[in-house]
Amino acid sequence: MQAWFVDGRIIDLLIGFTLLEGLALLVHHRMTGLGVRPRDFLANLVSGLCLMCALRAALSGAAWPWVAAWLAAAGLAHGFDLVRRWRSG
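Since we're looking at a predicted model, the values are computed, not measured.

*Asks:* Explain the overall build of the protein chain residue by residue, including any values.
*Replies:* Helix and strand counts for the protein chain stand at four helices and zero strands. In the protein chain, the order of α-helices and β-strands from amino to carboxyl end is α-α-α-α. A compact globule built from 89 residues would reach a C-alpha radius of gyration of about 12 Å, whereas the protein chain, at 15 Å, exceeds it by more than 25%. For the protein chain, the C-alpha atoms occupy an extent of roughly 40 × 30 × 15 Å along the three principal directions. Among the 89 residues that make up the protein chain, the fraction classed as buried is 25%. Within the protein chain, contacts between residues at least 6 apart in sequence are counted, and of these 55% link residues at least 24 apart. For the protein chain, the exposed surface amounts to about 6,300 Å²; the carbon and sulfur share of it is 72%.

*Asks:* I'd love a proper account of the packing of helix α3 (residues 38–59) against helix α4 (residues 64–88), names of residues and values included.
*Replies:* Viewed as axis vectors pointing N to C, α3 and α4 meet at an angle of 165°, and their least axial separation amounts to 8 Å. Considered as vectors, α3 and α4 are oriented roughly antiparallel to each other. Every pair of crossing elements has a handedness; the one defined by α3 and α4 is left-handed. Every residue of α4 that contacts α3 at Arg-39, Asp-40, Ala-43, Asn-44, Val-46, Ser-47, Cys-50, Leu-51, Cys-53, Ala-54, Ala-57 and Ala-58 is listed here: Val-67, Trp-70, Leu-71, Ala-73, Ala-74, Ala-77, His-78, Phe-80, Asp-81, Arg-84 and Arg-85.

*Asks:* Summarise helix α2 (residues 9–32); cite the residues concerned and give the values.
*Replies:* Over its 24 residues, α2 extends 35 Å from the first C-alpha to the last, a length consistent with the 34 Å expected when each residue adds 1.5 Å. Along α2, the residues that are buried comprise Ile-10, Ile-11, Ile-15, Thr-18, Gly-22 and His-29. In the core, the buried residues of α2 are packed alongside α1 (2–6) and α3. Just downstream of α2, Gly-33 is the residue with a positive phi angle, here 75°.

*Asks:* Before we move on, can you summarise a nonpolar patch on the surface with the specific residues and values?
*Replies:* A grouping of Met-1, Trp-4, Phe-5, Leu-13, Leu-14, Phe-17, Leu-20, Leu-23, Val-27 and Met-31 is seen on the molecular surface, where their side chains present a nonpolar patch of about 1,100 Å² in accessible area. Of all the secondary structure elements, the ones that give two or more residues to the nonpolar patch are α1 and α2. Within the secondary structure layout, Phe-17 lies in helix α2.

What counts as what
- Residues numbered from 1 in each chain as written.
- Predicted model: local features only at pLDDT ≥ 70, side-chain atom pairs only at ≥ 80, totals over all residues.
- Heavy atoms only, no water.
- Helix = DSSP H or I, 4+ residues; strand = E, 2+ residues; numbered from the N terminus.
- Rg over C-alpha atoms; globule rule 2.2 N^0.38 Å.
- Buried < 20%, exposed > 50% of the residue type's maximum accessible area, 1.4 Å probe, protein only.
- Contact = heavy atoms within 4.5 Å.
- Areas by Shrake-Rupley, 256 points an atom, 1.4 Å probe, with all protein chains shown as cover.
- Axes fitted to C-alpha atoms, helices over the stretch in contact; angles between N-to-C directions.
- Parallel < 35°, antiparallel > 145°, perpendicular 65-115°, else oblique.
- Left-handed = near helix turned anticlockwise from the far one by under 90°.
- Expected span 1.5 Å × (residues − 1).
- Patch = residues over 30% accessible without salt bridge, like charges linked within 9 Å, V, L, I, M, F, W, Y side chains within 5 Å.
- Salt bridge = Lys/Arg side-chain N within 4 Å of Asp/Glu carboxyl O.

What follows is the structure, encoded as structure tokens:
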């Protein structure tokens, strides 16, 4: 089990679960019109996925620009989500 954390495989699993969650929410909303609207969760989901990708890159020994790029992408997605929520409120 320790190896899953050391080499980042646990992050791969979490990324997979997060993608499945997003897909399930999207399909449920498209089929029923119920649940969370995609525009209300996608930017937040992307931000979290980018943070997980940054962690995965760091754990796998990727060059620092890759980690920085994923962190920047997470910040942009988070900022987009905040601006969109602020304006709609």
